[in-house]
Amino acid sequence: MSTSRKKIFCRVDVLQSQEAKVQPKQLSNNFPLKTMTHAQRTLTMNVLLHWSIVCLATVLTGARLDVTFLNVKTTAISNGNFFIGGYSGSDAVSTVGSRFSYGRILDTGTGSELPTESFYRSRYGYSKRLYLPMGASRPGVYYCDADANTGETERLQTVLVAEEADIKPDSPTKTVSLGDDVTLIMTTSISEALLKWRHDGIHKPEWNGQSSIMISYAKTCDAGIYECYSSESQRSQGKHGFMRLIVRGCRDGHWGPPACMLPCPTCYNGGMCNSDTGECICPPGFRGRNCETGCGKNRWGMTCGRKCSSGNSDGCRTSMYCLADPYGCSCSASYGGMDCAADCPNGKYGAGCTQICHCVNGCDGATGECHNGGCLQGWSGSKCNVPDSCEDGFYGELCNYKCPCSDGVCNKTTGSCSNGECAIGWFKVYKDCQRDGSLKIWFLYNIKVNPGELTSIICEVGRNPSVSPDDVALIDQSGIPITRTSHYVRGMYISVSNYSSVPVDNGLQYTCRVGNQAKQLKSFDKYVLPKFSLSNKPAVKPKATQVTVTWDKWREGIDFGDGPVEAYAVYYKKTAHGDWTAHQNFTLTNPDQTTYSADIAGLDWSTVYDFTVTVRRPGSKGEGSKDTYTTTTTLCDVPTEGPKITGATSGHPNTLLVNLTVSDPTKIKCDRNGGYIKSFHWRYRKANTQDKYGEKVVYDGGARTFTIHGLLAFTEYELMVSFNNRDEQSPWSSVHTARTAEDVPSKPRNVTLIPAVSTMQLIWVIPAPTNGIIKKYLITYWETDNETTTWEQKEVTENLQDVNTYLISNLTYKVSYTVQVSAFTSPGPGNFSDTVNASTTDAIPGKPRSLEVIDTKEKEIKLSWVEPFPFRGNIICYEISYRSTESVFKTTELRFESFPVHIDGTAYILEDLSPGTIYEIKVNASTERGFGEAATLFAGTSFTVDIPAALPITEDIKNDINQYGTVTRVSLPSVSDESGISEETQLIDYVILLEYDQNIDKRGKRDIDASRLGGYNETGPAYYITALLPLKWPQQKFYIGDGGVYGGYTNVPLTIGRQYSVYYGLKSQLNGEPFYHFDERPSIRVRAGVTKNVYLYSSTASIVVSVVALVVIVCLVVVLVSTIRRQNKRKGSKEYDIINLWTTRGPMEEDVSRQEMKDEQDKPQARHHDGVLHYACVNVLTQNSSYLASSPNSQERREDDDEGGTYIGLVKELQSESEYTTLSTTVKHPDIKH
């Protein structure tokens, strides 16, 4: 019902006739039609006739909104898109538009709220769709509220039964009028014995086992949602049946509650009369004030302004349309069936195919219009829907209204009764019930009130003309007249006198007198005060100090007394003690509320109480009795103190004997005579763990010593205990710990054997549980396949761990053994472990021993080794791997190789290697168990080098030899690119070898024993290594004889006058032993102290011959000059000039002092020393080069000059046959520091 219509009925009370002394509202409250006397109904009828015209005019202004609640499908499919939606039409678009809100009417098993993940979508500006998610939550009863700008709210409801439902109603909604009989039918294949029913969520056990129920004389309280189901699981999945029953607020054919005296208009084509407004609610597909116009099968709405589809005339098929109450839901015109998918059969038409076609040749399924041929006999009208006569008991144009007469016979047009007697619930009207004008006291009655209240006595007198009020008198049984309080004439002929303020319980009888007529009121009509029947007494849910009282609403016809009910009151008292205590009043504000509850606190625990709920109807004394009550005992309260554990012992490995006490019985808080303990609740678990507690409940038998069984041996437990009184549990005791006794252990776990050649490593894990302290283990083993063998045992008593190992030795190779282990605690041995079997077998071998290199070549390395020890099985192969780590030659590519070697011996030659390369070599052995650890060594291949090609002596090197006494500066040749040797390699060194005491002209092969090579040794061979340098010597120059140490060799000063052969070579040490690479001939020769530069080798023979020839010529010239000079000296010259000496090092200051050389005596022509000639030849050969030379008999002086330089003074005796000449020369040389 819309808000506006509620306001309309408020206006009815204001607009009523001012001369009406009995107000309509009062009449409706105090005169239920069913219980009225004949006189009361007549009075009420006349009063209502007086104000019905005003009411009608007002109500019709509150026309319903043009809104429709549409289901896209009649049943709820579980998958795919599915929506329901509100649609507004015609002028409702401007007021409602798409302002719709949705919800569920109640919980039919799938929830009371909208399904989660539901969402809205507004369409076209006049609709709002609610999309429901897939699944079991779709079925239910939904409402749609249309909110208009005018403040009106129109509520529409729809019923969505699951398409897969096991139980289905014959119709989603069913509408009946007040007082009709109705049968609700469910269709199912489930056994009827399993069926249950609910009405508005309340279980109705009286309907169990039925697939259909019948409701007689329907009342408004019968309206609502009816569910039929076989189980709660089925209900929660939405697979049960439910439907909505709508009860019109008036009897059939009438409207305007509560009197319902206004006749309904004729509503054609299945239209339904709105009991509130009197308007016709037209089915989908029909329009007009009386629903007389059909719109076709693709249209709906109050004015048919909406189309199901703009391009499909069949678009309304399978959809369901729900309109305002009392219409409910139906298919659109032309369709029927539960799914609205079937076309109307021949002879039927309209929404849901409910209308009968009375045409000769059939009619249109949507509109009912005849095809042709006219109407069947007995019918008329444009659609042949007006009968010529009505069946007995019906009247009206469509014969769709029941006759109001007591015998069911009435006028077809007016409905007036032919016998003048109205049926129950109808009131006599002048034309129907009273036509003569004689005097008659029609009614003498009192206004029905509650016992103990004041009432009014009404005397109605009929006459034509009406009786004067002064002619009417009311007297009590003593003849005392009662004062009239009001009077009025109803309907021109009935005089009504009212005598108020009469006590209803005074016990007197009253008589109304008019002329010679009198009518006696023998007893007062009083309401029976309402109270609950015993079957509906309040339910009490107790707690310790409070209770919750719940009750269903008072039910007319089931509970005692008369309604209506306006309030409830809750009382309580201690049983058999004292008066009732009022707790709370409940005034009824929601007529749809069915259950109520009240919480009463502050009660005593373990105490018997009575609880009642009184029912109060309108009136000052309308409260019913407290006779219907419920007696309940409050529960025991929570104990304030728990038990205490005083001790625990263990006489058995799996039990604990525990003692406890309960100190103060008053703290048990149950039964006031010493307390009551129902049971003790034990909890126990391993101490210091978070294990789940073991639970044990022992019902109290008076003992305070308890045995807890099923525990683990030798385990510390934490124990707690509480007790339960009748209803509550005490606090837990403090934790008490106790240990169970030891037991024999369980068997060792995870026993594993790791076999070897003659041993087996036995591994096992400590038993779980240990059941005590493990004292030792016993290992038992025997040969598996030898039946005659004896088993052997070993005890393990030391170093016992969680994981234990033991080596079983002296076993036979390749034999299977069986092993078991058992553990011991103080009580004795536990069970043996599961047996494990294993055979002694090969083990992983150790690494080969004594791996060494026997021989190396440029591309081969010969290896030798000794088999691994100890013996761990048969060696099936070796694996040799090598990788090159460094090479002398820069073009060598480093590589890695690995391969197995199946050989009988322990030697192997690596082939196809790179010369001059270091290799990391690994050898490991393999048995059937796999490869063991590898032995590793580093070895290098040998290499050869052409020294003259590798260290070429260039012209610059030949010319860059400078002699400084005991030091000779030379240029070192660089390693040539053609040699392929990398200057960056660390594998070879630069070697400078000196050899002396050899003939300087000798060109033969030097006889140098490499095994005797070493540093300088006076007593050693005439050759030695004077320097070992990095291959890439950064200075490029080297001073032979400078006294330094190079690579561990002392570069000793040269001996003046001694001849040296200088060898430039290379030293490698790839395998630990040094190897020297020299040419057979010296690189250069030098003589200490002699200015001389000799390069022994020429690349061509012509150069050598030319040089020799030149030397001979120069020597002859020098001899000649020398002879002449000597002759001149003998002729008297005593002094000689010392030739200034210059070196090739650029400008060098030279201070040569002249000394007089005097001959002590004349000496004959001396025979020149061979060395002098050599010096002369060298001076000529080297042109401007000069060297300081010394001989074995030279003497040396050293002085420091002022500039920090050093002067080396050499005194040399030139010896001839008989004379001596002393030559003194001083030279300043900045490069020589010693």
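Throughout this document, residue positions are counted from 1 along each chain, in the order its sequence is written. A pLDDT threshold of at least 70 governs which residues receive local features in this predicted model, and a stricter bar of 80 or more applies before side-chain atom pairs are shown or counted, although totals over entire chains, interfaces and linings include all residues. To get the side-chain values, all heavy atoms of the structure are used, and hydrogens and water are removed first.

1. Quick notes on the side chain of Gln820
Tracing the backbone shows Gln820 in strand 61 (residues 816–825). The contact definition used throughout considers only heavy atoms, calling two residues in contact when any of these lie within 4.5 Å. What Gln820 contacts, discounting residues up to four positions off in sequence, is Leu778, Ile779, Thr780, Trp782, Phe832, Ser833 and Thr835. Note on conventions: DSSP H or I runs of at least 4 residues are helices, E runs of at least 2 residues are strands, and numbering of each starts at the N terminus.

2. Observations regarding the sheet that holds strand 16 (residues 241–247)
Two strands are counted as paired when DSSP detects at least two bridges linking them. Pairing is mixed across the open sheet formed by five strands, whose spatial order is 10-16-15-12-13. Strand pairing shows two members of the sheet lacking a second neighbour, strand 10 (173–176) and strand 13 (202–203), which therefore form its edges. Taken together, the two bridges between strand 12 (residues 196–199) and strand 13 define a ladder with antiparallel strand orientation. Note on strand 13: the bridge partner recorded for Arg198 is His203.

3. Re the pattern of salt bridges
Criterion for a salt bridge: a side-chain nitrogen of Lys or Arg within 4 Å of a carboxyl oxygen of Asp or Glu. Going through the model one piece at a time under the given rule, you end up with 33 salt bridges. Where Arg235 meets Glu227, a salt bridge forms, and the shortest distance between an N and an O atom there is 2.8 Å. Each residue is assigned to one of three classes by its accessible area relative to the maximum for its type, calculated with a 1.4 Å probe on protein chains only: buried under 20%, partly exposed between the two thresholds, exposed over 50%. Take Arg235: its relative accessible area is 8%, and that puts it in the buried class. Overall, Glu227 belongs to the buried group, its relative accessible area being 0%.

4. Observations regarding the packing of aromatic side chains
Only Phe, Tyr and Trp rings are paired, with Trp represented by its six-membered ring, and only when their centres lie within 6.5 Å; those with planes under 30 degrees apart are stacked, over 60 edge-to-face, the remainder tilted. Overall, the coordinates contain 40 aromatic pairs when judged by the stated rule. Between the aromatic rings of Tyr813 and Phe871, the centroid separation amounts to 6.0 Å while the plane-to-plane angle is 80°, which identifies the pairing as edge-to-face. Here Tyr813 is found in the loop between strand 60 (803–808) and strand 61, whereas its partner Phe871 is found in the loop between strand 65 (861–866) and strand 66 (877–887), with 58 residues between them in sequence. Put simply, the rings of Tyr87, Tyr124, Tyr126, Trp300 and Tyr321 pair up and form one aromatic cluster. Note on criteria: charge over ring means Lys NZ or Arg CZ within 6 Å of the ring centre, with the direction from the centre no more than 35 degrees off the ring normal. Taking NZ or CZ as reference, Lys531 lies 5.4 Å from the ring centre of Phe560, over its face. Arg617 extends its terminal NZ or CZ atom over the ring of Tyr527, reaching a point 3.5 Å from the ring centre.

5. Describing the side chain of Thr985
In this fold, Thr985 is placed in the loop between strand 73 (967–971) and strand 74 (988–996). Residue Thr985 is classed as buried on the basis of its relative accessible area, which comes to 6%. The definition of a polar contact used here is a pair of N or O atoms within 3.5 Å, where within protein one atom must be able to donate a hydrogen and the other to accept one, and adjacent residues in sequence count solely through side-chain atom pairs. Here the side chain of Thr985 touches Leu987 through a polar contact of 3.1 Å, landing on its backbone nitrogen. Apart from residues lying up to four places away in sequence, Thr985 is in contact with Glu886, Ser887, Val888 and Leu1031.

6. Quick notes on the state of the cysteines
Pairs of cysteine sulfur atoms within 2.5 Å are identified as disulfides in what follows. Under the criterion given, the structure shown has 13 disulfides. There is a disulfide in this structure between Cys344 and Cys353, and the S-S distance comes to 2.0 Å. Residues Cys344 and Cys353 are joined by a disulfide whose S-S torsion is about -95°; by sign, that bridge is left-handed. We classify Cys344 as buried; its relative accessible area is 16%. In this structure Cys144 is a free cysteine whose sulfur lies 9.9 Å from that of Cys322, the closest cysteine sulfur available.

7. Focus on the confidence of the model for the chain
When pLDDT drops low, the exact placement of atoms in the prediction is not to be read closely. The share of residues in the chain with pLDDT of 70 or more is 82%, and the mean pLDDT across the chain is 81. As a per-residue quantity, pLDDT reports the predictor's confidence and falls between 0 and 100. Low pLDDT, under 50, characterises residues 429–436; the predicted model gives this stretch 16 contacts beyond four residues in sequence or across chains. Residue range residues 1092–1105 is modelled with pLDDT below 50. Its contacts to residues more than four positions away, or to other chains, number 26 contacts.

8. A closer look at the nonpolar core
Nonpolar side chains in soluble globular proteins tend to end up buried together. Side-chain atoms within 4.5 Å link the members of a nonpolar core, which is a set of buried Ala, Val, Leu, Ile, Met, Phe, Trp, Tyr and Cys residues. Ranked by size, the top nonpolar core spans 37 residues in total, and within it Leu972, Ile992, Leu1029, Phe1038 and Tyr1064 carry the most contacts. Elements that contribute at least two residues to this core include exactly strand 74, strand 75 (1023–1030), strand 76 (1037–1040), strand 79 (1059–1068) and strand 81 (1084–1087). It is strand 74 that contributes the most residues to this core, five residues altogether. Look past the residues within four positions of Leu972 in its chain and what remains in contact with it is Ile957, Tyr990, Ile992, Leu1029, Trp1033, Gln1036, Phe1038 and Tyr1064. Counting residues in hydrophobic clusters, the runner-up holds 22 residues, among them Cys273, Cys363, Cys405 and Cys410.

9. As for the environment of Tyr813
Judged by relative accessible area, which is 27%, Tyr813 ranks as partly exposed. Residues Tyr813 and Pro755, spaced 58 residues apart in sequence, show a C-alpha to C-alpha distance of 10.0 Å. The contact partners of Tyr813, leaving out residues within four places of it in the chain, are Val757, Thr840, Thr841, Asp842, Gly873 and Asn874. Engagement of the side chain of Tyr813 in a polar contact is seen with the side chain of Asp842, the distance being 2.5 Å.

10. Some details on the environment of Gly624
In this structure, Gly624 sits in the loop between strand 47 (608–616) and strand 48 (629–633). With 93 residues separating them in the primary sequence, Gly624 and Lys531 have C-alpha atoms 5.4 Å apart. Sequence-distant contacts of Gly624, defined by excluding residues within four places in its chain, comprise Leu529, Pro530, Thr614 and Val615.

11. Digging into the environment of Ala648
Checked against the element boundaries, Ala648 lands in strand 49 (residues 644–649). The exposure class assigned to Ala648 is partly exposed, which follows from its relative accessible area of 24%. The contact partners of Ala648, leaving out residues within four places of it in the chain, are Leu657, Val658, Leu719, His736 and Ala738.

12. Considering the pairing of strand 73
Where burial is concerned, most of strand 73 is hidden: five out of the five residues are buried. Of the two faces of strand 73, the one lined by Val967, Arg969 and Ser971 and the one lined by Thr968 and Val970 are each fully buried. By the bridge criterion, four bridges tie strand 72 (residues 961–964) to strand 73 in an arrangement that is antiparallel. Its bridge partner lying in strand 73, Gln963 is registered against Thr968. Joining the antiparallel neighbours strand 72 and strand 73 is a turn of two residues, in which Gly965 adopts a positive phi near 65°. As paired elements, strand 73 and strand 76 share four bridges and run antiparallel to each other. If you follow Thr968 over to strand 76, its bridge partner there is Ile1040.

13. Some details on the sheet that holds strand 41 (residues 517–521)
Across the sheet, three strands lie side by side as 37-40-41; this open sheet has antiparallel pairing. Here the strands that pair on one side only, and so sit at the sheet edges, are strand 37 (472–476) and strand 41. Adjacent strand axes in the sheet meet at a mean angle of 20°, parallel and antiparallel pairs treated alike. Here strand 40 (residues 510–514) pairs with strand 41 via five bridges, running antiparallel. Pairing of Cys512 across the sheet is with Lys519, part of strand 41. Convention adopted: a line fitted to C-alpha atoms gives each axis, helices being fitted over their contacting stretch, and angles between N-to-C directions are expressed from 0 to 180 degrees.

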